[in-house]
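Examination of the molecular architecture
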Protein chains: 2
Amino acid sequence: MYAHIKLYHRFIDVGFMNTRVYDNCLLATMVKGDVPYGLISDAAFCLRDGYIEWVGEAKALPPIYRDAAKTDLGGALVTPALIDCHTHLVHGGDRAGEFEMRLEGATYEELARAGGGILSTVKATRAASDEELTRQSLVRLDRLLADGVAVVEIKSGYGLTIDDEIRMLRIARRLGDLRPVKIVTTWLAAHTLPVEYKGEADRYLDEVAIPGLERAAAEGLVDSVDGFCETIGFSVAQIARLFDKAVALGLPVRLHAEQLSNQRGAVLAAEYQALSVDHLEYLAKSDVAALAAAGTGAVLLPGAFYTLRQSQQPPVAAMRDAGVGMSVATDCNPGSSPLSSLLLAMNLACNLFGLTPEEALRGTTREAALALGLGSEFGTLIKGGRGELAVWNVSHPAQLSYHIGATPLLRRISAMEAV
Amino acid sequence: MYAHIKLYHRFIDVGFMNTRVYDNCLLATMVKGDVPYGLISDAAFCLRDGYIEWVGEAKALPPIYRDAAKTDLGGALVTPALIDCHTHLVHGGDRAGEFEMRLEGATYEELARAGGGILSTVKATRAASDEELTRQSLVRLDRLLADGVAVVEIKSGYGLTIDDEIRMLRIARRLGDLRPVKIVTTWLAAHTLPVEYKGEADRYLDEVAIPGLERAAAEGLVDSVDGFCETIGFSVAQIARLFDKAVALGLPVRLHAEQLSNQRGAVLAAEYQALSVDHLEYLAKSDVAALAAAGTGAVLLPGAFYTLRQSQQPPVAAMRDAGVGMSVATDCNPGSSPLSSLLLAMNLACNLFGLTPEEALRGTTREAALALGLGSEFGTLIKGGRGELAVWNVSHPAQLSYHIGATPLLRRISAMEAV
């Protein structure tokens, strides 16, 4: 099984020892082109040491593979393994009590008095031990993996001290050792203000978010830098100060932008060549061109839109027309999106935002890989790509977005090692 | 394990051979009263031959159970196993293609020309072999079971000939032999008109729906009788003719009512002492009292509301005030609700209809049992009830509705036999 082949084998010529042909399948390669989903029927593909060496129609399989080991996939659909490119997976506690109080009619004041809101998660995260945070996060991660996910982005943002933010990212990295998944980490100290800095966002940036980023980056814990640009978060000018430090450290940026109001954070992020801007319900159509020009992706988070009972939709048609890459993610977090199924996020994106099933699947494969700066190694089923694939009990890729709450994964094909 | 104990053991005195004590758990008994969820902390319960013999605080466990076998539940939450009281689980094919065409901008006419809509499911159901229908239905049933479901209602309604309607219910019954689940069957020949009866609803009732009911009932295949009362379905007068036959056969009735418009079908159903009226988005507040007076339950189907992008909500507050029992179900069907997670239906009911988490859980336990005419054998954790229970990896029952797309079931406790 490829699950136990170490990647360094890639550089050793071992003949066909580590080569396997998979056939009798329908491939959704997600390669850009005229064919929807980049579909190939009656297909085959060859993996060698965890990478894709050949893809095509089975009848065109080169004779060189005649003696390779073979797996018959029984006609199943194969796609690139999915990518969840926006999560707050590592956090302590949950907010079910707040959810219940709200539905029982509690006012905003009553919820605040009961200690609700994001700061209750900060409190619970700070209080939890590393082991407890890891254990709680693994429950959510395992649910994502059951949807065929191979890559998960995880943000800090519930520690809000240098040590606690760094601790969150260390735990995020550790999850990648405990499960067969690639973790991409994001520094999100500029998520909200801790009580000890109430009304002093700039001082918080100077004393925590910016120096902490420097320390975390030095420890190799930061793959990108994020912030929450909003009236209740940080201003464009403050985010710019944070991004300047990211640039100085050679780190890419992304941004929570235009979720609840239009601050034009997305335009700022595009100026910094951000990998992505996320949420975007209040993005002005006139600002879409800036994203397209910068090559900045749009990450749509319908789980939060649904949970917050929002009504203004992100400008999907304008982004589609402008060629802005659109991803779909769970935004898995205990407050606004306690969602741990990426397939369900795809269904929500179709039903609530009007994405097509093909856009939804691109949004959790090819576009999500781009939003994470992973190029074409993940998210596309092409020669040279990583052989991280998902095999599904469906006959057409549209069914992945159509079903609600189903669990159609048959198996993952993976070269990632788990402990 | 109780899973393999035959129920006839109940009538044989075997001392404590078939008695087991479960302790170290939080019980949501769902017993009506002052305590939310009927919660009992630090609880224990005893099962004997598949029935609940004792429930209470562990410290009050009678000494008679001292020598019984014991299972430590590790502090987990235990609830009655869930009940999905409205599904169209048995059907052929899917409608992912139609879903995709619609999101790609196809007009209603284009969808009709492409053979979409409910009649495409009738065609696929008629064409599928018994084995194929069983296989496809088991995929959906297994997903429901993964949410801790013990009872599933299944309707006919995609056959629309006497033979095909009877075939659907035979397959529904068979599912109960293939899996540890109780199946409740519903005759829904008055679901829509097949092409061969276009514009001739009364003739269809006289030639198919009514005589077919008589035959199916004679074969013991019908637990209740249902219809779709709507401008695009059957009129109140036509439903009354069907219900008269049900009454004559001694069968209880239920009704798809007020989903897309107010036909006052719910009032008619209440006159027939219906077990439930289902959907109800357009139920007039002034008609709620009729349901309360008749003891007719309301079955809420938020999966259809969500998929159809409806905006008018059922009159939940009025039903709550009037004491109408509210259930929540998946409505699992290939067109308006391709939903196969009952926990997700609970979350949808909270977020879209404003149910409290406690109402949502009552709606899939105690109230759902009443809507299916099962009394208190299912759906409540009380002495004398069936020991069909679900054990969850959560610390409070509100979390069952709060999480979106999670799979928190640890195990079922069940005396039902599977093949």
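Residues numbered from 1 in each chain as written. Chains lettered and ligands numbered in written order. Predicted model: local features only at pLDDT ≥ 70, side-chain atom pairs only at ≥ 80, totals over all residues. Heavy atoms only, no water.

1. Section: the relation of the copies chain B and chain A
Just so we agree on the cut-off: The atoms used to superpose the copies are C-alpha atoms, taken from residues with pLDDT of at least 70 in both, and the fit is least squares. A contact between two residues is defined here by any heavy atoms of the two lying within 4.5 Å.
Superposition of chain B onto chain A requires a rotation of 180° combined with a translation of 0.0 Å along the rotation axis, giving an RMSD of 0.0 Å. What we have between these two chains is a two-fold relation. Taking C-alpha positions as reference, the residue of chain B nearest the rotation axis is Gly-405 of chain B, located at 3.2 Å. Of all interface residues in chain B, 100% are interface residues in chain A too; the two copies therefore contact each other through one and the same surface.

2. Notes on the domain arrangement of chain A
Residue and element names in this part refer to chain A. Convention followed: Here the limits of each domain have been adopted from an automatic or database domain assignment. A quick way to say it: buried area is the sum, across both parts, of accessible area lost when two parts are put together, with a 1.4 Å probe.
Under the domain assignment, chain A is made up of domain 1 (7-80 + 379-418) and domain 2 (83-371). Placing the centre of domain 1 and that of domain 2 at their C-alpha centroids yields a distance of 31 Å. The interface is formed by 29 residues belonging to domain 1 together with 27 residues belonging to domain 2. Between domain 1 and domain 2, a total of about 2,000 Å² is buried, with carbon and sulfur atoms accounting for 64% of that surface.

3. Notes on the interface of chain B and chain A
Here is the rule: One speaks of a salt bridge when a side-chain nitrogen belonging to Lys or Arg is within 4 Å of a carboxyl oxygen belonging to Asp or Glu. For the purposes of these results, a polar contact is taken to be a pair of N or O atoms within 3.5 Å, where, inside protein, one atom must be able to donate a hydrogen and its partner to accept one; residues adjacent in sequence count only when each atom of the pair is a side-chain atom.
Between chain B and chain A, the residue contacts involve 40 residues of the former and 40 residues of the latter. Summing the contributions of chain B and of chain A, the shared interface buries around 3,400 Å²; its carbon and sulfur component is 60%. The largest contributions to the chain B side of the interface with chain A come from Tyr-306, Tyr-402 and Ile-404 of chain B, which together make up 23% of the buried area. Counting the contacts that link chain B with chain A gives 0 salt bridges. For the pair chain B and chain A, the number of links is 20 residue pairs in polar contact (both at pLDDT 80 or more).

4. What about the pairing of strand S12 (residues 297-300) of chain B?
Every other side chain in a regular strand lies on the same face of the sheet, so the side chains alternate between the two faces. Residues and elements named next belong to chain B. Worth spelling out the cut-off: The buried label applies to any residue whose accessible area, calculated with a 1.4 Å probe on protein chains only, is under 20% of its type's maximum; exposed applies above 50%, and partly exposed to all values in between. Put simply, DSSP H or I for four residues or longer makes a helix, DSSP E for two residues or longer makes a strand, and each gets a number counted from the N terminus. By definition, two strands form a pair when at least two bridges between them are found by DSSP. Seen with its strands pointing away from the viewer, a crossover is right-handed when the path leading from the first strand over the helix to the second is clockwise.
Along S12, one buried face is formed by Gly-297 and Val-299 and the opposite face, lined by Ala-298 and Leu-300, is buried too. Note: strand S11 (residues 276-279) against S12, 3 bridges, orientation parallel. What sits directly across from Asp-278, in S12, is Val-299. Since S11 and S12 lie parallel, the crossover through helix H9 (residues 288-294) that links them has a hand, and here it is right-handed. Examined bridge by bridge, S12 and strand S13 (residues 326-328) share 3 bridges and lie parallel to one another. Residue Val-299 lies in a different strand from S13, and its bridge partner there is Ser-327.

5. Notes on the packing of helix H5 (residues 162-178) of chain B against helix H6 (residues 201-218) of chain B
All names here are of chain B. To keep it simple, the criterion reads: Simply put, an axis is a line fit to the C-alpha atoms, just over the touching stretch for a helix, and the angle between two N-to-C directions goes from 0 to 180 degrees. The labels follow the angle: roughly parallel below 35 degrees, roughly antiparallel above 145, roughly perpendicular from 65 to 115, and oblique for the rest. The crossing is said to be left-handed when, going from far helix to near helix, the turn is anticlockwise and less than a right angle, and right-handed when the turn is clockwise. When residues are grouped by polarity, Ala, Val, Leu, Ile, Met, Phe, Trp, Tyr, Cys and Pro land in nonpolar, Asp, Glu, Lys and Arg in charged, and all others, Gly among them, in polar.
At a minimum axis distance of 9 Å, the contact between H5 and H6 shows a crossing angle of 45°. In terms of axis orientation, H5 runs oblique to H6. Here the hand of the crossing between H5 and H6 comes out right-handed. The segment H5 lies against H6, with Ile-162, Asp-163 and Ile-166 engaging Glu-207, Val-208, Pro-211, Gly-212, Arg-215 and Ala-216. Residue classes in the contact of H5 with H6 are distributed as 5 nonpolar, 1 polar and 3 charged.

6. Some points on the packing of aromatic side chains
Each aromatic ring pair is described using two quantities: the centre-to-centre distance and the angle formed by the ring planes. All names here are of chain A. To keep things clear, this is the line we draw: Classification of ring pairs rests on two measures: the distance between centres of Phe, Tyr or Trp rings, Trp counted by its six-membered ring, which must be within 6.5 Å, and the angle between planes, read as stacked under 30 degrees, edge-to-face over 60 and tilted in between.
Evaluated as defined, the whole model comprises 12 aromatic pairs over all chains. A ring pair is formed by Phe-305 and Phe-353, whose centres lie 4.9 Å apart and whose planes are at 75°; its orientation type is edge-to-face. Taken as a pair, Phe-305 in helix H10 (residues 302-307) and Phe-353 in helix H12 (residues 342-353) lie far apart in primary sequence, 48 residues in all. Phe-353 shares its class with Phe-305; the two are buried. Ring pairs connect the aromatic residues Tyr-197, Tyr-204 and Phe-234, which therefore count as one cluster.

7. A closer look at the pairing of strand S7 (residues 149-155) of chain A
All names here are of chain A. Across the 7 residues that make up S7, a large majority, 7, are buried. The pairing of S7 with strand S8 (residues 182-190) spans 5 bridges and is parallel. Following the sheet pairing, Val-151 is matched in S8 by Lys-182.

8. With respect to unusual backbone geometry
Residue and element names in this part refer to chain A. The backbone phi angle of Met-30 is positive, close to 65°, even though this residue is not glycine. Its place among the elements puts Met-30 in the loop between strand S1 (19-28) and strand S2 (39-48). In this structure, Leu-280 is a non-glycine residue whose phi angle is positive, near 75°.

9. Focus on the packing of helix H4 (residues 130-145) of chain B against H5 of chain B
Residues and elements named next belong to chain B. At their nearest, the axes of H4 and H5 sit 10 Å apart, and the two run at 55° to each other. The angle between H4 and H5 places the two elements in the oblique class. Our pair here, H4 against H5, has a crossing hand that is right-handed. For the pair formed by H4 and H5, the contact residues are Asp-130, Leu-133, Thr-134, Ser-137, Leu-138 and Leu-141 on the first element and Arg-167, Ile-171, Arg-174, Leu-175 and Leu-178 on the second. Counted by class, the contact of H4 with H5 contains 6 nonpolar, 2 polar and 3 charged residues.

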